[in-house]
Amino acid sequence: MNEAPSRSPNAVEKVVTLVAASPVSWEDAARRGVAEATKTIRDLSVAHVEKRDVLIVGGEVAVYRIRLSLAFRVDRMRPGLTPGAPDVEVTRWLIVANQTLGTGEVVAEIDRLNSHGPCEFHLLVPMTHSKSYARARRLSMLAADPVTGIPSEHLPGGADFLGPDTEGMEQAQKRLEAQLAKIAAASYAATGELGDPDPLRAIQAVLARASFDGIILSTLPAGASRLVRGDLPSRVRRITNLPVTYLPGAAPSEL
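Predicted, not measured: the structure shown is a model, and the values here were computed from it. Every chain begins its residue count from 1, and numbering advances along the sequence as written. For a predicted model such as this one, the threshold for reporting local features is a pLDDT of at least 70, and the threshold for listing and counting side-chain atom pairs is 80 or more; totals across whole chains, interfaces and linings nevertheless cover every residue. The side-chain figures draw on all heavy atoms in the structure; neither hydrogens nor water molecules are used.

Undergrad: Please set out the overall build of the chain residue by residue, giving values where relevant.
TA: Within the chain, the secondary structure is distributed over 7 helices and 10 strands. Burial classes follow relative accessibility: with a 1.4 Å probe on protein chains only, a residue under 20% of its type's maximum area counts as buried, one over 50% as exposed, and anything between as partly exposed. When burial is assessed residue by residue, the chain has 35% of its 255 residues classed as buried. Contact between two residues is taken to exist if any of their heavy atoms lie within 4.5 Å; hydrogens are not considered. Put simply, of all contacts in the chain between residues at least 6 apart along the chain, 71% involve residues at least 24 apart. Note on areas: Shrake-Rupley, 1.4 Å probe, and residue coverage restricted to the protein chains presented here. Carbon and sulfur atoms form 56% of the exposed surface of the chain, whose accessible area is close to 14,200 Å². Here a strand is any run of E in DSSP of at least two residues, a helix any run of H or I of at least four, and the numbering for each starts at the N terminus.

Undergrad: Please provide a residue-by-residue account of the packing of aromatic side chains, values included.
TA: In this scheme Phe, Tyr and Trp rings, the latter by its six-membered ring, pair at centre separations within 6.5 Å, and the angle between planes marks the pair as stacked below 30 degrees, edge-to-face above 60, and tilted otherwise. For the structure shown, the criterion picks out 1 aromatic pair. A centroid spacing of 5.5 Å and a plane angle of 85° characterise the contact between W26 and Y64, whose relative ring orientation is edge-to-face. Taken as a pair, W26 in helix α1 (residues 26-37) and Y64 in strand β3 (residues 60-73) lie far apart in primary sequence, 38 residues in all. W26 gets classed as partly exposed once you look at its relative accessible area, which sits at 26%. Any Lys NZ or Arg CZ that is within 6 Å of a ring centre and within 35 degrees of that ring's normal is treated as a charge sitting over the ring. The positively charged end of R52 is found above the aromatic ring belonging to W26, 4.6 Å away from the centroid.

Undergrad: For the pattern of salt bridges, give the residues involved together with the corresponding values.
TA: When a carboxyl oxygen of Asp or Glu lies within 4 Å of a side-chain nitrogen of Lys or Arg, that pair is called a salt bridge. Tallying each qualifying case throughout the model produces 8 salt bridges. Across the salt bridge formed by D28 and R31, the nearest N and O atoms sit 3.8 Å from each other. One end of the pair, D28, and the other, R31, are both in helix α1, 3 residues apart, so they sit about a helical turn from each other. The shortest N-O distance in the salt bridge between D53 and R65 comes to 2.9 Å. With D53 in strand β2 (residues 44-57) and R65 in strand β3, this pair connects stretches of sequence that are 12 residues apart. Through salt bridges that share partners, D28, R31 and R32 make up one connected network.

Undergrad: If you had to explain the side chain of T219 to someone new, which residues and values would you point to?
TA: Relative to the assigned elements, T219 resides in strand β9 (residues 214-219). The exposure class of T219 is buried, given its relative accessible area of 4%. A polar side-chain atom of T219 sits 2.9 Å from a polar atom in the side chain of Y246. In the analysis that follows, any N or O atom pair within 3.5 Å is treated as a polar contact, provided that within protein one partner can donate a hydrogen and the other can accept it, and provided that, for residues neighboring in sequence, both atoms belong to side chains.

Undergrad: With reference to specific residues and values, describe the sheet that holds strand β7 (residues 119-126).
TA: Taken together, the 5 strands give an open sheet; going across it, the order is β8-β7-β6-β9-β10, and neighbouring strands pair in parallel fashion. Two strands in the sheet have a free side with no partner beyond their single neighbour: β8 (189-195) and β10 (244-248). With direction set aside, neighbouring strand axes in the sheet form an average angle of 20°. Where helix α4 (residues 166-185) meets the sheet, its contacts fall on β7 and β8, and the angle it forms with β8 comes to roughly 175°. Two strands are counted as paired when DSSP detects at least two bridges linking them. Think of each axis as a best-fit line through the C-alpha atoms, taken over the contacting stretch in the case of a helix, with angles from 0 to 180 degrees between the N-to-C directions.

Undergrad: An account of the side chain of R175 is needed here, citing residue identities and associated values.
TA: Mapping R175 onto the fold places it in helix α4. With a relative accessible area of 10%, R175 lands in the buried category. Looking at R175, its side chain comes within polar contact range of the side chain of N98, at 2.5 Å.

Undergrad: Describe the pairing of strand β6 (residues 91-96), and please don't skip the residues or the numbers.
TA: For β6, a buried count of 5 out of 6 residues is recorded, marking the element as mostly surrounded by other parts of the structure. Here 6 bridges tie β6 to β7, and the two strands are oriented parallel to one another. In the strand pairing of β7, I95 is matched with L123. As for the winding sense of the linkage, the β-α-β connection from β6 through helix α2 (residues 104-115) to β7 is right-handed. Relative to β9, β6 runs parallel, the two being bridged by 4 bridges. Considered in β9, the bridge of L94 is made with I215. Call a crossover right-handed when, viewed with both strands pointing away from you, the route from the first strand across the helix to the second goes clockwise.

Undergrad: Can you tell me about the confidence of the model for the chain, naming the residues and giving the values?
TA: The predicted coordinates ought not to be read in detail in places where the model reports low pLDDT. What pLDDT reports is the predictor's confidence in each residue, on a scale of 0 through 100. The predicted model of the chain averages 79 in pLDDT, with 78% of residues at 70 or higher. Per-residue pLDDT, averaged within each element of the chain, yields its smallest value for helix α6 (residues 226-229) (51) and its largest for β6 (94). Segment residues 1-6 is flagged for pLDDT under 50; beyond a separation of four residues in sequence, or across chains, it makes 8 contacts in the model. Taken as a whole, residues 152-159 scores under 50 in pLDDT and shows 12 contacts with residues more than four places along the chain or in a different chain.

Undergrad: Give a detailed account of the nonpolar core, specifying residues and quantitative values.
TA: Membership of the largest hydrophobic core comes to 16 residues, with the highest contact counts inside it found for W93, I95, I110, L113, F121, L123 and I216. Those elements giving two or more residues to this core turn out to be β6, α2, β7 and α4. Ranked by residues supplied to this core, first place goes to β7 with 4 residues. With residues up to four places along the chain from it excluded, the contact list for F121 reads W93, I95, I110, L113, N114, A189, A190 and T191. Ranked by size, the runner-up nonpolar core spans 14 residues in total, among them V96, I203, F212 and V236. Here the nonpolar core consists of buried residues drawn from Ala, Val, Leu, Ile, Met, Phe, Trp, Tyr and Cys, with membership extended through side-chain atoms lying within 4.5 Å.

Right, dumping it as C-alpha cells:
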C-alpha cells in the first residue's frame, strides 16, 4: 500500500473511502477492497487504512472489516514514455456499447482518437437482457396473479422474481474482456465495467465519479436498437453536455 514511485509531483488526486470485508484477515480485506476499486478507477496511487474492526459470532471472529481511503489521479497529465521526459496530457473518452462492442466502427474510432494524441478509454457495458431472459420476462409480465387476477406488470416488483440474468451478464463480461484485450494489444490505456441495464443511468453513475472529454455511443442499427428508438444519443448529450459520437454497427459474431 505504498506510494507509487512514478507519481508526478504535479498530480491532482481525489480521495474516496470504502469498506471491505474478509473472513480471512484484515490484509485480505484490504486486497479485496483495492481489487474491487481497480475495476472502475484508474491510477490508484495510495491506500490508507483508517479503521479496522471485526464481527464476532458465537465468541469467534467471523468477519474482518477494514475502512480504506483510496487516492487516485483526476488530472490529465501522465508521466512521459521515457525516464526524465516531461508529463503528457491525455484526453479521456467513455465508450458505451454492448452487442456492438468490438465492431470495426468502435475499433476505428479508438484508432482515430489516438492518432490525434494520447488517450485513455473507459468501456461501459450496460447489461442488456439475453434473448432467453427477455423472452421469459415478457411471458411473466403477461401472466396474471392467481389470486387477484392482476397482470404481473402492475404488481410491485413486476417480473423481478425471475432473478438476475446470468446469461446476459456472462455475455456482456465476455465482450468487455475481449475488447479490453484488443485495446491493450494496441498499447492503448483502457479500463471497463458492466453497468445498469438502463444506459442513461449507467452513464450517470460513471460520470458521478469520473470526467471525460467525450462519449462514444455504439448501438445496433436504428431498426434493431431500442436505445436509438428512445433517442438515447440526444438524451445523453442533454444530460452530460459532452460531445457524443454515435456509431451504429452490426453485432459481431459471438466469441
